[in-house]
Amino acid sequence: MTLDLSVPSQLMTAFAPDIVLMAGAMILLLWSAWKKESEAHQRSVGVAGIVLCVTVIVMIAFYIARADSSTPGVIAVDNFRWTADIIFLIAAIGTIALSMDYNARHAITAAESHVLLLFATAGMMTLAAARDLMIVFLGIEIMSIAVYVLAGLDRRSGRSAEAALKYFLLGAFATGFLLYGIALVYGATGTTNLTLIGERVAQVGLTSNMMLVVGIALLIIGFGFKVALAPFHMWAPDVYEGAPTPITAYMAAGVKAAAFVGFFRIWIEAFQQIAPSWHGPMWWLAVVTMAVGNLVALSQKNIKRMLAYSSIAHAGYILVTLVVATPASTSAFMFYIFAYTLATFGAFGVIVALEREGGARLAIDDYAGLWSVSPWLASAMAVFMLALLGFPIFGGIGFLAKYLIVLAALDAPVPQTRLAVILVVTSVISAGYYLYVVMVMFMRPRNENALPVSAPTGWTRSVITAAAILILVLGILPNSIVRWTERSVSTPPVSSTPSAPLTNASLVR
Amino acid sequence: MQAFLSSIGYNSWVLPALLIIPVVGAALLLLMGQTTRQSPDDSSHSARMIAFGVLVLEFVVSLGLWWSFDPANAAWQASVDVSWIPQWGIRFTLGVDGIALMMILLTTFIMPLCVLGSWTSIKKKVGTYFALMLLLTSGMLGVFMARDLFLFYLMWEVMLVPMYFIIGIWGGERRLYASVKFFIYTMLPSLLMLVAILYLAIHAGNIAGTGPNFSYDNLLATSALTPTAALWLFGAFFAAFAVKVPMFPFHTWLPDAHVEAPTAGSVILAGIMLKMGTFGFLRFALPLFPGAAMNPTVRTIIVTLSVIGIIYGALVAMVQPDFKKLVAYSSVSHLGFVMLGIFALTLESLQGALMIMINHGISTGALFFLIGMIYERKHSRQIDSYGGIARVVPMFAALLTLVSLSSIGLPGLNGFVGEFLVLLGSFKVYPAFTIIATTGVIFAAAYLLWAIQRMLFNPLDKKENEHIPDLNWRELSLMAPLVAVIIWLGVYPAPVLRRMETASQTLVTHVQERALTERIAASTSPTGVQR
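Residues numbered from 1 in each chain as written. Chains lettered and ligands numbered in written order. Predicted model: local features only at pLDDT ≥ 70, side-chain atom pairs only at ≥ 80, totals over all residues.

## Things to note about the overall build of chain B
The criterion, for reference: Secondary structure elements are defined from DSSP: runs of H or I of at least 4 residues count as helices, runs of E of at least 2 residues count as strands, and each element is numbered from the N terminus. Here, residue contact means that the backbone-derived C-beta atoms of the two residues sit within 7 Å.
Counting its regular elements, chain B contains 21 helices and two strands. In terms of principal-axis extent, the alpha carbons of chain B reach across some 75 × 60 × 50 Å. Put simply, 81% of the contacts in chain B that link residues at least 6 apart link residues at least 24 apart.

Put into structure tokens, the structure is as follows:
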């Protein structure tokens, strides 16, 4: 059915999953403050958080089945939003699951950490729904503020505090750019609604309007910070290294995906018509990001830093889909962030399983000979590395994700052959560091004074196993995911007056 | 035999079965390694037995293709076509022609021998080693069977990982360097080939008004590439295959990988995986881009590189103090002949190239096995650390001599047939190049005969060499089938040639006719752009 967003009750229906998550998170916040901080309490709040996320996923599944659409308004009701929501919720579940074990080991007993994570996720869902620049801003801020706190969760660690402060300062800075960009775009078009911006940009032809061009540039910079595109990536390695490992995973997969989702919707719905004015800079951003991320990752000794740079490279790959901006690239985008989320959580799961108090065992060389003592863990890590590398079969779904991006780039109305070639060449560079991890684990002997490895238990183990199995199985039988992501292109709002159809400003392609 | 095979519906299940059997075996080995309560020695032994059993079964199953294959039929045989990812236009399509048939049989023939050859030399993590070998078997067979370019690409890359681990974990001293070099060298051009495959599939889909189309037969029927695009795409395929062959100057990964790999790894690399490259040229690069491949400039460059490879490989082999490295470089030389035969593109030269592909697999495989055997005894591959050991290990000496002679191309042994046909066929097209290439045969005789003379027949001047044990029963039974094939193919290669003839003839005709029509079309449209 078509939801009329001007009717409050129908607006509530359209926003219900977000509201349920946020309300649930608030109840959990009260509950977590109710009892004294303890290990057991932290775990039960965590489990409740996971249950909440699963509930919301089920709700969203209903919405997908009902195939609602909506009239023009501040939020969108389409599969683009629902698919993104499910990916965010999967990321949240993964993070909470890893956090419960990690917090226990690092004597972090604040149960609120899980609640903050739910708030951040609610912010992401708002961002995915937003069809208005103000809602975009709201979503980004809800998400970011929660994550600033999460980065500093480990109060006893100086690095964690440094990461939080750095993330906060640079994040606030980026928000400034974003807000200024929004203001200028508003000034140029007289609206913050994405659909209307798209229409006006198309009708009036504001391409040569300086205010709009500067506004778009500032928006690119703002989002560039959030998703860590080179040259706006400087904060990422330090923050990723300092933050508690599960939160790093959340930032690398969830936060990046969410910012990209917002980025994507704004660009597709509002600025598609003036693609020539931003195509060039975006093209170069993608190329520079892929090159810088991959090249710098080569020289990293710390596995979290290495994955931080690799996540920058992945931001570059994802940006390719935005440069191409076709329906095929939208589904490639969704497929990619899904696959990337799985691989990232798997890899960070292994790191959590091996990490010990005080940042021990975070050097890649600490993984030497892991295979000889813990063959399954090493094999799982190899799968995650190959998935991030985008290797077929052994890297499972990771290959299909990269394949889809290359396909979308080549199949665009203006084929981006050069971009596709640059993408695959930089992927080969990434083999240098992903394979290094594999090589160290399988082909080096165990260090003599290496700490003993205990097999991962409980939630960590479930995350690693689930990620590995999903990556491998979906790598061979991806049909369900393909169908799912293919439907996830953003659909333009249904016009309230059918006699005057909208310009195709908000149509993709 | 044919009646029996058709009564069990052999053709309808053989190819998927060949892909699945090793995977099941590998899964069994990996799980067994985790759950077993046996002592390490016992579990290693059962891992060997399982791997050997699985691969013998694989060989027996594949052997039926020899009879069920109809040599006169140019169409795909034993075809299987299943929908896989319909949204992307990807199908699981398998089939064999005469060329693929021989490559599949070569693979299934060599793999069980590789298990025998690793029987005692692999001591750590035996189960995993054989599991990887089984996965590798599936990957290699998949490359030969695939009729869907997406599937082909998957299989092409799948081979890399097991081989990477086999070299990197069980290899020699410089194994880390060799394995990474092998991986990255192969991966870069393969990914470029992926881009080319996608371009091709999208192009074919656009013409048909559908999504991307990866079916080999469809792509073959679609001929509307501009000459420039065809040249670029050919270049991408060329890069992927030329590295695998390896053609001079893309060969530098080969000596490292071959020397550092464990014996069975070297045998698989030389015996089968190098053939992937030449097979790729035959199956994909030539038929899909006949205009580009038959472009006089391109052709001259490739033939020149092939001849340089022949001479260079032979000359470098001659000065190697390490026998394994000598054989590795000899591969560069032999594969140069194959490339010459392919790009001369006459029926004889192509048949010859295919024969060399088979013969090189057998002879070089046998050489690597023999080197592995003597290395296990003395832990040295240096030629001058031996000398006159023919008196100590007569069986070994006899076999090494025989296999070397076959590799040199002595008439009556297998190597002769292929090289003779290549030179005969190429002479019609490239007389000058062929004459230069012929000297490669002489060099081959020089480096191998000189090496076995120093190793086997000089005076026995080192005391520690006086008590090397001769080959045991396992090693002799490993060599027996290889020797039998060496003699069989040398004396009576006709059954093999007959099975490959139709496919070769079709290929030659197809490429030449298409190249001609494309050239005419290009010359009639002055801009050189056609659609």
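Structure's up, so let's keep going.
## Looking at the pairing of strand β1 (residues 77-85) of chain B
All names here are of chain B. Put simply, the rule is: When DSSP finds at least two bridges between two strands, those strands are taken to pair.
Note that β1 and strand β2 (residues 90-96) share six bridges and pair antiparallel. Across the sheet, Ser83 pairs through a bridge with Arg91, a residue of β2. Connecting the antiparallel pair β1 and β2 is a turn made up of four residues, with Gly89 showing a positive phi of about 70°.

## Re the environment of Leu29 of chain A
The following threshold applies: Counts of 20 or more other C-beta atoms within 10 Å of a residue's own C-beta define buried residues, counts of 12 or fewer define exposed ones, and intermediate counts define partly exposed ones; C-beta atoms are placed from the backbone.
Relative to the helices and strands, Leu29 of chain A is located in helix α1 (residues 8-34). Residue Leu29 of chain A is classed as partly exposed on the basis of its 18 C-beta neighbours within 10 Å.

## As for the interface of chain A and chain B
Many descriptions give the size of an interface as the accessible area lost when the pieces come together. What counts here: Asp, Glu, Lys and Arg are counted as charged, while Ala, Val, Leu, Ile, Met, Phe, Trp, Tyr, Cys and Pro are counted as nonpolar; the rest, among them Gly, fall into the polar class.
Each partner contributes residues to the interface: chain A has 23 residues there, and chain B has 25 residues. In terms of residue count, the dominant contributor to the side of chain A that touches chain B is helix α17 (residues 417-443) of chain A (ten residues). Residue classes in the side of chain A that touches chain B are distributed as 18 nonpolar, two polar and three charged.

## Quick word on helix α8 (residues 210-227) of chain A
Residue and element names in this part refer to chain A. Quick note on the threshold: Here the expected span of a helix is defined as 1.5 Å times the quantity of residues minus one.
Helix length check: α8, at 18 residues, gives a terminal C-alpha distance of 26 Å against a target of 26 Å (1.5 Å per residue), a fit within 8%. Counting buried residues in α8 gives 13 out of 18 residues, a clear majority hidden from the surface. Ala228, located one to two residues past α8, shows a positive phi value of around 65°.

## Here we look at the confidence of the model for chain A
Cut-off, in case you're wondering: Per-residue confidence from the predictor is reported as pLDDT, a score between 0 and 100.
Averaged over every residue, the pLDDT of chain A is 87; the share at 70 or more is 95%. This model gives residues 496-509 of chain A a pLDDT under 50, and the stretch forms 28 contacts once residues within four places in sequence are excluded.

## Describing helix α12 (residues 263-288) of chain B
Here α12 of chain B contains 26 residues, and its C-alpha end-to-end distance of 36 Å stays within 8% of the 38 Å for a straight helix at 1.5 Å per residue. In terms of residue burial, α12 of chain B counts as a mostly covered element, since 25 of its 26 residues are buried.

## Let's talk about the environment of Leu307 of chain A
Residue and element names in this part refer to chain A. Structurally, Leu307 can be placed in helix α12 (residues 303-324). With 30 C-beta atoms counted inside 10 Å, the residue Leu307 sits in the buried group. Linking Leu307 and Ala347, residues 40 residues apart in sequence, is a C-alpha distance of 8.9 Å. In this structure, Leu307 is in contact with Ala252 and Ala347, ignoring residues within four places of it in sequence.

## Comments concerning the confidence of the model for chain B
Looking at chain B, pLDDT values average 88 and 98% of them are 70 or higher. The ipTM, which scores confidence in the relative placement of chains, is 0.90 for this predicted complex, and the corresponding pTM is 0.92.

## Quick look at unusual backbone geometry
Of note, the bond from Ala230 of chain A into Pro231 of chain A is cis; its omega dihedral lies within 30 degrees of zero at 5°. In this fold, Pro231 of chain A is placed in the loop between α8 and α9 (235-242). Across the junction of Phe248 of chain B and Pro249 of chain B, the peptide omega takes the value 0°, indicating a cis bond. As for its position among the elements, Pro249 of chain B is in the loop between α10 (227-244) and α11 (253-260). Residues other than glycine seldom take positive phi values, yet Ala78 of chain B does so here, at roughly 55°. Take Ala78 of chain B: it is sitting in strand β1. Judged by local crowding, Ala78 of chain B falls into the buried class, with 23 C-beta atoms found within 10 Å.

## Topic: the packing of α12 of chain A against helix α16 (residues 397-410) of chain A
All names here are of chain A. For clarity, the threshold we go by: Axis definition: a line fitted to C-alpha atoms, limited for helices to the stretch in contact. Angles are taken between N-to-C directions and run from 0 to 180 degrees. Put simply, angles under 35 degrees are roughly parallel, angles over 145 are roughly antiparallel, angles from 65 to 115 are roughly perpendicular, and the rest are oblique. Crossings are assigned a handedness: left-handed for a near helix turned anticlockwise from the far helix by less than a right angle, right-handed for a clockwise turn.
With their axes 9 Å apart at the nearest point, α12 and α16 run at an angle of 30° to one another. The angle between the axes of α12 and α16 places the two elements in the roughly parallel class. Here α12 and α16 pass one another in a crossing that is left-handed. Contacts from Tyr317, Val320, Thr321 and Val324 of α12 reach α16 at Lys402, Ile405, Ala408 and Ala409. Grouping the amino acids of the contact of α12 with α16 by side-chain chemistry returns six nonpolar, one polar and one charged.

## Focus on the environment of Tyr336 of chain A
Residue and element names in this part refer to chain A. As for its position among the elements, Tyr336 is in helix α13 (residues 327-354). Using a count of 29 C-beta atoms within 10 Å as the deciding quantity, one classes Tyr336 as buried. Along the sequence, Tyr336 and Ile318 sit 18 residues apart, while their C-alpha atoms lie 7.3 Å from each other. If sequence neighbours within four positions are ignored, Tyr336 has contacts with Tyr317, Ile318, Thr321, Ala401, Leu404 and Ile405.

## Topic: the packing of helix α7 (residues 160-170) of chain B against helix α8 (residues 175-208) of chain B
Residue and element names in this part refer to chain B. Between α7 and α8, the shortest axis-to-axis distance is 8 Å and the interhelical angle comes to 165°. Taken as axis vectors, α7 and α8 run roughly antiparallel relative to one another. Where α7 crosses over α8, the handedness of that crossing is right-handed. Contact residues: α7 offers Leu160, Met163, Tyr164, Ile167 and Gly168, while α8 offers Arg175, Leu176, Ala178, Ser179, Phe182, Phe183, Thr186 and Met187. Residue composition of the contact of α7 with α8, grouped by class: nine nonpolar, three polar and one charged.

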